[in-house]
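Close look at the chain arrangement
Each chain, written out:
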2 protein chains.
Amino acid sequence: MVRGGGGAVSRRTPAQNAELALLLEVAGTPKPGNVDREREYDDLRFEHFLAGAVGARPGLALAAEGERVGRAFERAVHGMADQSAGNTQFGALLVLSPLVAAAGDGALSRAGVRQVVDATTVADAADFYRAFEHVDVAVDDPPEGMEPLDVRRGSDAVPELERRGLTLADVMADSADVDGVAAEWTAGFERVFDTAERVRDATGPVADRASRVFLELLAAEPDTFVVTRDDPETAAEVQRRARAVLDGDEDATELAEELVARDVNPGTTADLVAGALFVALERGVEV
Amino acid sequence: MVRGGGGAVSRRTPAQNAELALLLEVAGTPKPGNVDREREYDDLRFEHFLAGAVGARPGLALAAEGERVGRAFERAVHGMADQSAGNTQFGALLVLSPLVAAAGDGALSRAGVRQVVDATTVADAADFYRAFEHVDVAVDDPPEGMEPLDVRRGSDAVPELERRGLTLADVMADSADVDGVAAEWTAGFERVFDTAERVRDATGPVADRASRVFLELLAAEPDTFVVTRDDPETAAEVQRRARAVLDGDEDATELAEELVARDVNPGTTADLVAGALFVALERGVEV
């Protein structure tokens, strides 16, 4: 710990802070519907998220070192998938990769990450598609006419990406209305940076702050992963009940137990929390 | 995940497996008396162990790359201490450093780690003493005549180390009868390797296996950290009650609650579990 006049300053690198953000995110409890320190599924356990975070770090380090952000993301997913449960943190890595790239440039701000997004190319889009070959990710069928760009095609979709000249920013913009992570890419990570401020302004254990901001994000907007995996009605219910928890009308732990029992996972909201924790750590929040 | 005829083989490096071992160790619950996924102290929390593991990795990577083992350990402790709780995994890193060095040499066996120990020099001993400057570690007063080599003197003790020509192996041998980690260094890591076999032969979540072997180690020998921090009688009581848990005569979770409430921490046993988890991961245990 280096202590100076302005308080404690961590020596962690951006890649280390990104890995720690993944760990703190999954440690935060209760986080209704998601794996956390006290709740897990038989085939998707807390320890899979630990291994996923450890495995992702080399890819995150590439992002900080200036590697193409799509490539760094694909490498991070490849490393994350080195555990037996498959997809643990795909969405979180998609949030983190451009943030870590911006931090590596010394420009971790909304403008800085927007520059990273704007600089993406068709090659980054191809990397993004290749990342889907490492894990199964729950996605909707593509809209009419978009079948050639179904992400589940993996690298088979690359020629079509090239034909259309789509960058990774373009791909994200195409999904922004149905995917909360893509929406962040397109809107300059507004929710992530706002949430980072709330993490920083809160007090107490950082994992507890993660749980709190998770509920706040969940109450504010429908979780798009729940919309995709379940349906809009379930997402609306989850949003309403997260609001009830914040209002003191429902118990967070009971809601967590119920949603895990129903296998309803607001995963996109967790992805945003991971991004917010990273920004907060980079801005000096002390663990 | 690379899958071959012999089952899943992880691509994680030794440093990544060492970090994951630290994370799995603290995730294992119940681990009576120690911080785990469900129990923590106000000033020593689960999240401090997460940050400690993330911070330790660059030092662990040095060990794998052939850096002097004392120096790699000192760097790992320096990185581990980059969180607000101070000492989280000092002993675990002292177990892991020579194991990671042996793994880096492609010789993760009792003979291989013994070679690492035998090759230590006075410079490694000096590094070990310097590591005490990064954190407060609970230690006993040195025996009569050994005050110049009190580890709490940190680098002030280095001239005396040099005068006496003590290597890190010598320093460990001097403490082997009062410190369970030093005993492993001196006895070729017998308990660590035996425990790794039990982790490998067990089934179920790896964190649950960590909890199980923790209890088995605790029941087998008095925890030297409890002897030092409390007294031999408390260590004997903890050993006896761990045995009672294994015999089904006591409840592990109740014992965990009681020991945390009494602030009795069998930390040396946890350190050995971290080492065993590392060996098990290197030998193919799948998360």
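I will try to describe carefully the structure that is included in this document. Along each chain, residues carry numbers from 1 onward, in the same order as the chain's sequence is written. For this description, chains carry letters from A and ligands carry numbers from 1, given in the order in which they are written. Predicted model: local features are reported for residues with pLDDT of at least 70 only, side-chain atom pairs are reported and counted for 80 or more only, and whole-chain, interface and lining totals are derived from all residues. Neither water nor hydrogens contribute to the side-chain values; these are computed over all heavy atoms in the structure.

Bringing the overall build of chain A into the picture now. Secondary structure assignment for chain A yields 15 helices and two strands. The size measure is the radius of gyration over C-alpha atoms, and the globule rule it meets is 2.2 Å times the number of residues to the 0.38 power. Its C-alpha atoms give chain A a radius of gyration of 18 Å, near enough to 19 Å, the size a compact globule of 287 residues would have. Along the first, second and third principal axes, the C-alpha atoms of chain A reach 50 × 50 × 35 Å. To be clear on the numbers: accessible area is Shrake-Rupley with a 1.4 Å probe, and residue cover counts the displayed protein chains and nothing else. By element, 45% of the accessible surface of chain A is carried by carbon and sulfur atoms, the whole surface being about 10,900 Å². Only four residue types enter the tally: Lys and Arg on the positive side, Asp and Glu on the negative side, with His and both chain ends excluded. By convention, the point assigned to a charge is CZ for Arg, NZ for Lys, CD for Glu and CG for Asp. In chain A, the 29 positive side-chain charges and the 54 negative ones have mean positions that sit 5 Å from each other. Labels follow the DSSP assignment, with helices taken as runs of H or I lasting at least four residues and strands as runs of E lasting at least two, numbered in each case from the N terminus.

Basic side-chain nitrogens of Lys or Arg form a salt bridge, by our definition, when they fall within 4 Å of a carboxyl oxygen of Asp or Glu. Inspection of every chain in the model, using the stated rule, returns 57 salt bridges over all chains. Put simply, Glu-197 of chain B and Arg-200 of chain B hold a salt bridge, and the shortest N to O gap is 3.2 Å. Placement of the pair is Glu-197 of chain B and Arg-200 of chain B together in helix H10 (residues 190-201), with a separation of three residues, close to one helical turn. On the accessibility criterion, Glu-197 of chain B (27% relative accessible area) is partly exposed. What makes Arg-200 of chain B partly exposed here is its relative accessible area of 39%. What you see here is one network of salt bridges that share partners, running through Glu-237, Arg-241, Glu-250, Glu-258 and Arg-262 of chain A. The cut-offs for exposure are 20% and 50% of the maximum accessible area for each residue type, with area from a 1.4 Å probe on protein chains only; residues under the lower value are buried, those over the upper are exposed, and the others partly exposed.

Turning our attention to the nonpolar core. Within this scheme, the nonpolar core is defined by two criteria: the residues are buried Ala, Val, Leu, Ile, Met, Phe, Trp, Tyr or Cys, and they are joined through side-chain atoms within 4.5 Å. The biggest cluster of nonpolar side chains holds 202 residues, and the ones touching the most others in it are Phe-128 of chain A together with Phe-128 of chain B. When checking whether two residues touch, look at their non-hydrogen atoms; a contact exists if any pair is within 4.5 Å. When near neighbours in sequence (up to four residues on either side) are disregarded, Phe-128 of chain A contacts Phe-73, Phe-90, Leu-94, Val-151, Leu-168, Val-171 and Met-172 of chain A.

Our next topic: the packing of aromatic side chains. Pairing of aromatic side chains here covers Phe, Tyr and the six-membered ring of Trp, requires ring centres within 6.5 Å, and sorts the geometry by plane angle: under 30 degrees stacked, over 60 edge-to-face, intermediate tilted. All chains considered together, the criterion is met by 15 aromatic pairs over all chains. With a centroid separation of 6.0 Å and an interplanar angle of 50°, the aromatic rings of Phe-46 of chain A and Phe-46 of chain B are classed as tilted. In this pair, Phe-46 of chain A sits in helix H2 (residues 46-64) while Phe-46 of chain B sits in helix H2 (residues 46-64), so the two residues belong to two different chains. An aromatic cluster is present here, built from Phe-73, Phe-90, Phe-128, Tyr-129 and Phe-132 of chain A joined pairwise through their rings.

Turning our attention to the environment of Val-100 of chain A. All names here are of chain A. Mapped onto the fold, Val-100 is located in helix H4 (residues 90-104). On the basis of relative accessibility, which here comes to 0%, the residue Val-100 falls in the buried class. Placed 43 residues apart in sequence, Val-100 and Pro-143 show a C-alpha to C-alpha distance of 31 Å.

Attention now moves to the relation of the copies chain B and chain A. The superposition of copies rests on a least-squares fit of C-alpha positions from residues with pLDDT of 70 or more in both. You can overlay chain B on chain A at an RMSD of 0.0 Å; the transform is a turn of 180° with a shift of 0.0 Å along its axis. Expressed as a symmetry operation, the mapping of one chain copy onto the other fits a two-fold axis. Closest approach to the rotation axis among the C-alpha atoms of chain B is made by Arg-37 of chain B, whose C-alpha sits 3.0 Å away. Most of the interface of chain B is mirrored in chain A, where 100% of its interface residues again form contacts.

What follows is about the interface of chain B and chain A. Taken together, the contact pairs 34 residues of chain B with 34 residues of chain A. Buried area: the sum, over both parts, of the accessible surface (1.4 Å probe) that disappears when the two are put together. Contact with chain A buries area across many residues of chain B, yet Arg-37, Glu-47 and Asp-82 of chain B alone supply 22% of it, more than any other trio. In this structure, the connection of chain B to chain A is made through four salt bridges. Between Arg-57 of chain B and Glu-19 of chain A there is a salt bridge, with the nearest N and O atoms lying 3.6 Å from each other. Here a polar contact means two N or O atoms within 3.5 Å. Within protein one must be a hydrogen donor candidate and the other an acceptor candidate, and residues neighboring in sequence count only if both atoms are side-chain atoms. If you look at where chain B meets chain A, you find 20 residue pairs in polar contact (both at pLDDT 80 or more). Broken down by secondary-structure element, the contributors of at least two residues to the side of chain B that touches chain A are helix H1 (14-27), H2, helix H3 (69-80) and helix H11 (206-220) of chain B. Element by element, the count of residues in the side of chain B that touches chain A is highest for H2 of chain B, at nine residues.

Time to look at the environment of Gly-59 of chain A. Along the chain, Gly-59 of chain A falls in helix H2. Note: C-alpha distance between Gly-59 of chain A and Ala-72 of chain A (13 residues apart in sequence) is 4.9 Å.

All names here are of chain B. You can see Ala-131 is positioned in helix H6 (residues 122-131). The sequence separation of Ala-131 and Thr-13 amounts to 118 residues, and the corresponding C-alpha distance is 24 Å. With residues near it in sequence (within four places) discarded, Ala-131 still touches Phe-73, Glu-74, Val-77 and Phe-90.

Residue and element names in this part refer to chain A. Comment: axis = line fitted to C-alpha atoms, over the contacting stretch for helices; angle = value between 0 and 180 degrees taken between N-to-C directions. It is the contact of helix H10 (residues 190-201) with helix H15 (residues 267-282), at a shortest axis distance of 8 Å, that shows an interaxial angle of 60°. By the criterion of interaxial angle, the relationship of H10 to H15 is oblique. Two packed elements cross with a definite hand, and for H10 against H15 that hand is right-handed. Counted together, Arg-191, Val-192, Phe-193, Thr-195, Ala-196 and Val-199 of H10 and Leu-272, Gly-275, Ala-276, Leu-277, Val-279 and Ala-280 of H15 form the full contact between these two elements. A breakdown of the residues in the contact of H10 with H15 according to their chemical character gives nine nonpolar, two polar and one charged. Working rule for angles: under 35 degrees goes down as roughly parallel, over 145 as roughly antiparallel, 65 to 115 as roughly perpendicular, anything else as oblique. Definitions for this section: a left-handed crossing has its near helix turned counterclockwise from the far helix by less than a right angle. A right-handed crossing has that turn clockwise. Charged residues are taken to be Asp, Glu, Lys and Arg, nonpolar residues to be Ala, Val, Leu, Ile, Met, Phe, Trp, Tyr, Cys and Pro, and polar residues to be all remaining types, Gly included.

This part is about the side chain of Arg-12 of chain B. Residue position: Arg-12 of chain B is located in the loop between strand S2 (7-9) and H1. At 4.4 Å, Asp-82 of chain A is the nearest oppositely charged side chain to Arg-12 of chain B, a buried residue that forms no salt bridge. Among the polar contacts listed, one links the side chain of Arg-12 of chain B to the backbone oxygen of Asp-82 of chain A, at a separation of 2.9 Å. When residues no more than four places from it in sequence are discounted, the contact partners of Arg-12 of chain B are Ala-51, Val-54 and Asp-82 of chain A together with Asn-17, Leu-20, Leu-281 and Val-287 of chain B.

Moving on, we come to H2 of chain B. Residues and elements named next belong to chain B. Over its 19 residues, H2 extends 27 Å from the first C-alpha to the last, a length consistent with the 27 Å expected when each residue adds 1.5 Å. The angle between axes fitted to the seven residues ending at a residue and the seven residues starting there is what we call the bend at that residue. In the structure, H2 departs most strongly from a straight axis at Arg-57, where the bend amounts to approximately 40° and where the proline Pro-58 lies between one and four residues downstream. Of all 19 residues that make up H2, 16 are buried, and the element is covered over most of its length. Note on H2: the residue one or two positions beyond its end, Gly-66, has a positive phi of about 95°. Here the expected length of a helix is defined as 1.5 Å per residue gap, with one fewer gap than residues.

In this section: the packing of H11 of chain B against helix H15 (residues 267-282) of chain B. Residues and elements named next belong to chain B. In contact at an axis separation of 9 Å, H11 and H15 are set at 135° when each is read in the N-to-C sense. On the basis of their axis angle, the class for H11 and H15 is oblique. Crossing of H11 against H15: the hand is right-handed. Touching Val-206, Ala-210, Val-213, Phe-214, Leu-217 and Leu-218 of H11 are Thr-269, Ala-270, Leu-272, Val-273 and Leu-277, all from H15. Class assignment of the residues belonging to the contact of H11 with H15 gives a composition of ten nonpolar, one polar and no charged.

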